[in-house]
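# Summary of structural features
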There are 2 protein chains.
Amino acid sequence: MNEIRDRVEEICRAGAAARREMAAASGQVRSQALVLMAKALRDGSAQILEENGIDLAAAQESGLSEAMCDRLRLTGERIESMAQALLHVAGLEDPIGSGSVTTRPNGLVIRRVRVPLGLVAMIYEARPNVTVDAAALCVRTGNAAVLRGGREAIHSNTVLTSLLQDALTKAGLPRTGVQLIPFTERESATALMEMRGYVDVLIPRGGKGLIRSVVEQARVPVIETGAGNCHVYVDEYADIEMALRIVENAKMQRPSVCNAAETLLCHSAVAETFLPAFRARTRGRLTLRGCERTRAILPDIESATELDYETEYNDYILAVRIVDSPEEAMAHIARYGTGHSEAIVTRSLEHAAAFQAGVDAAAVYVNASTRFTDGGEFGFGAEIGISTQKLHARGPMGLAALTTEKYLIEGNGQIR
Amino acid sequence: MNEIRDRVEEICRAGAAARREMAAASGQVRSQALVLMAKALRDGSAQILEENGIDLAAAQESGLSEAMCDRLRLTGERIESMAQALLHVAGLEDPIGSGSVTTRPNGLVIRRVRVPLGLVAMIYEARPNVTVDAAALCVRTGNAAVLRGGREAIHSNTVLTSLLQDALTKAGLPRTGVQLIPFTERESATALMEMRGYVDVLIPRGGKGLIRSVVEQARVPVIETGAGNCHVYVDEYADIEMALRIVENAKMQRPSVCNAAETLLCHSAVAETFLPAFRARTRGRLTLRGCERTRAILPDIESATELDYETEYNDYILAVRIVDSPEEAMAHIARYGTGHSEAIVTRSLEHAAAFQAGVDAAAVYVNASTRFTDGGEFGFGAEIGISTQKLHARGPMGLAALTTEKYLIEGNGQIR
């Protein structure tokens with residue numbers, strides 16, 4: 001354990017030392033590094049597939065589910081799409097160095113400029129593409145990166161990182177600009193969370209358990225992402241056809257993701273029309289769990305408990321509760337929501353405005369599916385994750401979330 | 001202790017409940033509330049002086065230093081300047097509601113708007129004017145505030161808060177928009193730090209001990225302020241006359257504040273000219289503690305130890321170290337600095353640029369005193385504190401630091 005900790009510290013120290021060189025590189029060099037990284041992946045694809053095969057064999061032997069094995073699996077096509085992602089990020093607008101300038105009455109010139117955060121650490125799970133993604137976002141924004149992936153993908157991550165590092169050195173950047181922690185024991189993650197002074201921000205990417213443990217244990221700054229207990233509220237003035245489409249989409253288009261809906265709140269005035277129609281539309285594909293009033297209309301569904309309202313199912317299950325007003329819907333959301341994405345379906349301008357003003361969440365929708373909360377859908381080009389915190393970044397995070405500001409002041413001898 | 005905790009939770013719950021009403025108020029109403037708060041202080045000045053007298057008598061009885069008593073003391077003039085500060089903040093530009101809008105190809109209209117953080121908590125020490133200041137900044141930005149001041153000022157803070165609350169209700173805002181925690185035991189601060197779900201951000205204002213204990217113990221989001229181990233580096237190409245003025249000012253104009261310099265780094269090529277001149281200029285007013293090379297030039301000063309380089313003296317003491325290059329100065333700053341304010345005095349464009357790029361701090365000065373890192377000096381109108389963290393806000397924080405963003409999305413039935 002001490003050996004792991006020492007090695008993690010050594011890696012973080014090297015990463016921290018690489019910060020200045022990474023930050024000093026021009027936007028052109030950082031962009032070119034990503035182009036070289038894409039080439040390295042294409043050229044190294046045989047090697048990548050071989051190492052990924054070792055991970056896959058181990059995963060199958062250990063009885064990992066087919067869904068998990070699929071997340072882990074790389075193919076020629078998937079390697080190509082990782083390379084494409086690198087090229088895409090290489091072409092995005094560079095946030096670094098932009099800013100503003102003021103001259104004060106005493107002659108001081110104050111420039112406020114966007115600069116890299118420094119050393120960005122990420123802890124994530126099985127998908128090896130996160131290694132490439134994270135490296136791309138960090139290098140593009142002039143940050144150094146320390147990556148700690150999951151046990152299942154260690155061979156894949158190791159070869160990917162080594163190829164990316166070769167490309168970094170070809171671009172004239174330090175090899176330590178992107179480093180992988182070569183351990184997957186829990187201690188290596190815990191050690192990384194404690195690297196105050198080296199790690200400028202730690203971003204966990206993965207399931208709720210991972211994120212919660214990082215948020216609770218970390219002693220370095222963290223950006224919390226991903227927890228999404230999202231609601232759709234079908235108002236008494238809803239267009240019922242639209243509401244049916246939106247609720248179905250928000251819940252069922254991809255239930256495993258954080259912007260999928262988990263609870264339907266339905267106004268009592270439309271419940272007798274909406275709920276049977278929704279039940280008929282999704283029967284056999286979706287399990288409903290309802291409050292007592294819902295069960296009076298749909299007697300064959302299960303009861304929803306307090307626990308249901310608190311749960312992010314990430315599955316084909318939807319809690320249903322009847323409410324008597326937008327206020328009651330908002331009170332439910334204030335109590336159980338995670339501040340991610342919330343939607344109202346209504347034709348009432350007044351109710352729409354009250355909902356958008358009153359719901360405290362990163363994204364508040366009127367007449368659209370919660371599934372749109374996503375960097376790509378918002379037009380950001382790249383997404384680091386979806387922040388559910390209020391400080392620093394909120395909602396889908398683009399490249400700017402990996403930056404901070406700095407004041408550069410020039411004088412000619414000013415004193416106070 | 002449980003009683004205190006329960007009462008703190010009750011206050012925070014009430015504060016959290018007031019968030020929506022505070023946020024819903026127009027900029028005009030929030031501004032008008034501050035005007036009424038100023039009037040309330042002027043009208044209540046006799047009452048304020050009476051309660052402040054009780055605090056002062058207790059402070060003198062308990063043997064509080066004269067400097068501390070002075071911080072605590074209110075006078076007619078000081079009450080008037082609190083009222084003026086309220087009116088000043090009332091007139092500042094409102095950050096709330098500003099933002100941008102995009103329409104996506106699928107017709108979704110995405111508005112990104114600045115909104116209040118929600119419930120802002122502050123923990124601070126003896127100065128009663130912080131109560132008024134904090135309330136002003138929070139109300140102006142549509143936040144609810146929970147304030148926990150120091151034991152010494154409890155009577156003053158209680159009467160001030162009650163007057164401010166009267167003004168809030170006159171403005172049509174909830175009395176719970178600004179609340180004071182009526183306890184000054186340590187448990188009340190600890191309880192406040194644990195109010196996850198109620199407190200959106202906690203800002204400690206005060207000495208290092210207070211700030212460190214908040215940063216280490218808090219389970220709610222914190223903005224770290226104030227730690228300033230600042231350096232002035234006198235380069236080999238410095239204008240010596242300018243350097244003398246700047247180092248003296250940075251250290252001595254007001255040594256107790258966070259942007260005062262604590263260590264002088266002097267290039268060896270100018271040390272034999274600069275150091276004796278600086279010593280002569282400040283003799284009897286400033287204690288120097290030097291490295292061995294410094295002591296070879298100024299043999300009558302004390303030795304500087306590792307601890308000196310780590311210390312924020314906040315006093316008329318300055319550590320001095322001779323270095324042989326800007327790189328060595330930057331390495332010293334990287335090791336001992338707190339990321340607050342750092343300065344180089346030089347006529348070399350190259351050294352200036354290298355220093356500004358290479359030093360990782362909120363404010364990096366060329367040929368000016370570190371003492372300018374301040375919301376007022378930067379032209380921000382109001383200052384909540386000086387952030388030494390990189391996430392959310394860095395350097396002097398204006399009103400915008402008390403806000404977050406929210407995405408408001410309007411559709412007409414869009415699904416993915």
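A short tour of the structure in this document, coming up. (Residues numbered from 1 in each chain as written. Chains lettered and ligands numbered in written order. Predicted model: local features only at pLDDT ≥ 70, side-chain atom pairs only at ≥ 80, totals over all residues. Heavy atoms only, no water.)

### Focus on the nonpolar core
Counting 77 residues, the largest nonpolar core has A:Leu41, A:Leu86, A:Met122, A:Val139, A:Leu192, A:Val199 and A:Leu202 as the members making the most contacts within it. Sorting elements by how many residues they give to this core places helix α6 (residues 129-140) of chain A first, with eight residues. Not counting residues up to four positions away in its chain, the partners in contact with A:Met122 are A:Ala134, A:Cys138, A:Val146, A:Leu147, A:Arg148, A:Leu192, A:Leu202, A:Ile203, A:Arg205 and A:Ile384. Counting 76 residues, the second largest nonpolar core, distinct from the first, contains B:Leu74, B:Met122, B:Ile181 and B:Met193. (Core = buried A, V, L, I, M, F, W, Y, C linked by side-chain atoms within 4.5 Å. Buried < 20%, exposed > 50% of the residue type's maximum accessible area, 1.4 Å probe, protein only. Helix = DSSP H or I, 4+ residues; strand = E, 2+ residues; numbered from the N terminus. Contact = heavy atoms within 4.5 Å.)

### Details of helix α10 (residues 240-252) of chain A
Residue and element names in this part refer to chain A. Counted at 1.5 Å a residue, the expected span for α10 with its 13 residues is 18 Å, and the 18 Å between its end C-alpha atoms agrees. Most of α10 sits out of view: ten of its 13 residues are buried. Among the residues making up α10, those that are buried are Met242, Ala243, Leu244, Ile246, Val247, Glu248, Asn249, Ala250, Lys251 and Met252. You can read the cap of α10 off the contacts: a side-chain oxygen lies 3.1 Å from the backbone nitrogen of Glu241, and it is on Asp239. (Expected span 1.5 Å × (residues − 1). Polar contact = N/O pair within 3.5 Å; in protein donor to acceptor, adjacent residues only side chain to side chain.)

### Digging into the sheet that holds strand β6 (residues 201-205) of chain B
Residues and elements named next belong to chain B. Reading across the sheet, the four strands line up as β5-β4-β3-β6 and stay open at both edges, with parallel pairing between neighbours. Either end of the sheet is taken by a strand with one partner, and the two such strands are β5 (178-180) and β6. Taken over all neighbouring pairs, the strand axes of this sheet differ in orientation by 20° on average, direction set aside. Strand direction decides the pairing type here: strand β3 (residues 119-124) and β6, joined by five bridges, are parallel. Its bridge partner lying in β6, Ile123 is registered against Pro204. Across the sheet, helix α6 (residues 129-140) lies against β3, β4 (144-148), β5 and β6, angled at about 165° from β3, the strand it touches most. (Pairing = 2+ DSSP bridges. Axes fitted to C-alpha atoms, helices over the stretch in contact; angles between N-to-C directions.)

### Regarding the state of the cysteines
Residue and element names in this part refer to chain A. Going through the model one piece at a time under the given rule, you end up with zero disulfides over all chains. Looking at the unpaired Cys230, the closest cysteine sulfur is the one in Cys258, lying at 7.0 Å. Of the residues examined, Cys230 reaches a relative accessible area of 0% and is grouped as buried. (Disulfide = S-S within 2.5 Å.)

### Digging into the relation of the copies chain B and chain A
Rotating chain B by 180° and translating it 0.0 Å along the rotation axis places it on chain A, where the RMSD comes to 0.0 Å. Expressed as an axis order, the relation between the two copies is that of a two-fold axis. For chain B, the residue whose C-alpha comes nearest the rotation axis is B:His392, separated from it by 1.8 Å. (Least-squares fit on C-alpha atoms with pLDDT ≥ 70 in both.)

### Observations regarding the interface of chain B and chain A
At the junction of the two partners, chain B supplies 65 residues and chain A supplies 65 residues. Summing both partners gives a buried area of about 5,300 Å² for chain B against chain A, and 52% of it is carried by carbon and sulfur. Of all residues in chain B, B:Leu391, B:Tyr407 and B:Arg416 bury the most surface against chain A, accounting for 16% of the area lost on that side. Across the contact surface, chain B and chain A share four salt bridges. One salt bridge in this structure joins A:Arg416 and B:Glu377, with 3.4 Å as the shortest N-O distance. Our enumeration of links across chain B and chain A arrives at 41 residue pairs in polar contact (both at pLDDT 80 or more). At the level of elements, β2 (109-116), α10 (240-252), α15 (349-358), β13 (363-368), β15 (395-397) and β16 (403-414) of chain B are the ones that each hand at least two residues to the side of chain B that touches chain A. (Buried area = accessible area lost by both parts, 1.4 Å probe. Salt bridge = Lys/Arg side-chain N within 4 Å of Asp/Glu carboxyl O.)

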